[in-house]
Amino acid sequence: MSQEAILKLLDANKQWVEDELSHNPEFFKELAEGQQPEYLWIGCSDSRVPADRITGTKPGQIFVHRNIANLVIHTDLNMLSVLEYAVAYLKVKHIIVCGHYGCGGIRAAISRNNYELLNKWLRNIKDIYIKNQDELNGISDTRARENALVELSIKQQIENLMKTSVVQRAWHLGEDLTLHGMVYDVANGRLKQLIQYDRNSPLPEIYRYYFDED
Ligand code: CO
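A quick note: this is a predicted structure, and the numbers were derived from the prediction, not measured. (Residues numbered from 1 in each chain as written. Predicted model: local features only at pLDDT ≥ 70, side-chain atom pairs only at ≥ 80, totals over all residues. Heavy atoms only, no water.)

Quick look at the nonpolar core
Applicable threshold: Put simply, a nonpolar core is a bunch of buried Ala, Val, Leu, Ile, Met, Phe, Trp, Tyr and Cys residues held in one set by side-chain atoms that sit within 4.5 Å of each other. Type-normalised accessible area, obtained with a 1.4 Å probe on protein chains alone, sets the label of each residue: buried when under 20%, exposed when over 50%, and partly exposed for intermediate values. In DSSP terms, a helix is any run of H or I states spanning at least four residues, a strand is any run of E spanning at least two, and both are numbered starting from the N terminus. Contacts are residue-level and defined by heavy atoms, with any inter-residue pair within 4.5 Å sufficient.
Judged by nonpolar contacts, the single largest core of 45 residues is most densely connected at L40, L83, I95, L161 and L179. Here the element with the most residues in this core is helix α8 (residues 142-162); it accounts for 8 residues. Those residues within four positions of I95 in sequence are excluded, and the remaining contacts are L40, I42, L83, V87, L161, V167, L177, T178, L179 and H180. Counting residues in hydrophobic clusters, the runner-up holds 8 residues, among them I62, I96, C98 and Y184.

As structure tokens, then:
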């Protein structure tokens, strides 16, 4: 049974290769030459939020990092490595942090359930809740409160990106780089932008690094 599930994937892959080649015989030859994606996507691992499908991007167009609840944690070497490679080497122009309504990570963080190892990851979301507790506690509907936290977390992750030397260096060097906070609705497929930040967006001075040239 489980083998069938895997064979299904391999068959689908064969079909996809044929489809792409029928549209463009050079498709894979061109991709093999390298990538120049314009976007870095930081999204949730949730299987219902596939970055390329919902944005209509093709292989080579979007560089992707996904984790539970699309968090930007300043000690996460995995995320930071993806960020640095995307910004400093691939020179992406846009970083999109995409959260989504109905996020299991957000729901778990609001609950008092003990998820052992996952607690350490979800703790970051609990802290965002407490930071905004006056606003959130004022929302009586559970689902609406959850959705509000989804949006507040996206804003927090964008601010976390601004606090990295990677993003600040790009801005210092005059690179064209914009940060976008987006939310996806799994119930209707719609993606919308909540916030957009650039080098002029507010950030407390203590987070702004000096660079050699300063
Ligand atoms: Co999620």
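A word on empty space enclosed by the protein
To find leftover empty space, a probe the size of one water molecule is rolled over the atoms. Under the convention used in this document: Using a 1 Å grid laid over the protein atoms alone, points where a 1.4 Å probe fits but cannot get out form a cavity; open sets with protein on both sides within 12 Å along at least 5 of 7 lines form a pocket; any residue with an atom within 4 Å of a point counts as lining. Grid points are joined across faces, edges and corners, and a volume is the space filled by probe spheres set on the points.
A complete count under the given rule lists 1 cavity of 30 Å³ or more for this structure. What lines the largest cavity is simply A69, N70, G99, H100, C103, I106, V150, S153 and I154. Broken down by element, the residue count for the lining of the largest cavity peaks at 3 residues, all from α8.

Things to note about the domain arrangement of the protein chain
Quick reminder of the rule: Segmentation of the chain into domains, including their bounds, is taken from an automatic or database domain assignment. Once two parts are brought into contact, the accessible area they lose, counted with a 1.4 Å probe and summed over both, makes up the buried area.
Assigned domains of the protein chain: these are domain 1 (1-34) and domain 2 (35-207). Placing the centre of domain 1 and that of domain 2 at their C-alpha centroids yields a distance of 30 Å. Contacts between domain 1 and domain 2 engage 4 residues on the former and 4 residues on the latter. Of the roughly 270 Å² buried between domain 1 and domain 2, counting both surfaces, carbon and sulfur atoms make up 75%. When residues of domain 1 are sorted by the area they lose upon contact with domain 2, F27, L31 and G34 head the list and together hold 88% of the total.

Some remarks on the packing of helix α6 (residues 117-131) against α8
Put simply, the rule reads: Working convention: axes come from line fits to C-alpha atoms, limited for helices to the stretch in contact. Angles between N-to-C directions cover 0 to 180 degrees. An angle counts as roughly parallel when it lies under 35 degrees, as roughly antiparallel when it exceeds 145, as roughly perpendicular when it falls between 65 and 115, and as oblique in every other case. We call Asp, Glu, Lys and Arg charged. Ala, Val, Leu, Ile, Met, Phe, Trp, Tyr, Cys and Pro are nonpolar, and the rest, Gly among them, are polar.
At a minimum axis separation of 10 Å, α6 and α8 run at an interaxial angle of 105 degrees. One element, α6, and the other, α8, form an angle in the roughly perpendicular class. Residues I125, I128, Y129 and K131 of α6 form the contact with α8, whose own contacting residues are R145, L149, L152, S153, Q156, Q157 and E159. Looking at the contact of α6 with α8, its residues break down into 5 nonpolar, 3 polar and 3 charged.

Notes on the coordination of the cobalt ion
Heads up, the rule is: Coordination partners: N, O, S within 2.8 Å of the metal, 3.2 Å for Na, K and Ca; water not considered, so apparent gaps in a site are possible.
Each protein donor to the cobalt ion is listed here as C44 (SG), H100 (NE2) and C103 (SG); together their distances run 2.0 to 2.3 Å. Donor residues binding the cobalt ion come from one chain and are separated in sequence as C-x55-H-x2-C. With a gap of 59 residues between them, C44 in strand β1 (residues 39-44) and C103 in the loop between β3 (94-101) and α5 (104-110) connect regions that are remote in the sequence.

Some words on the sheet that holds strand β5 (residues 191-197)
Within a sheet, each strand pairs with its neighbour through backbone hydrogen bonds, oriented either parallel or antiparallel. Basically, it comes down to this: Here, any two strands with at least 2 DSSP bridges between them count as paired.
Ordered by their spatial adjacency, 5 strands build an open sheet running β2-β1-β3-β4-β5, and the pairing between neighbours is mixed. Single-partner strands in this sheet number two, and they are β2 (62-67) and β5. When strand polarity is set aside, the average angle formed by the axes of neighbouring strands in this sheet is 25 degrees.

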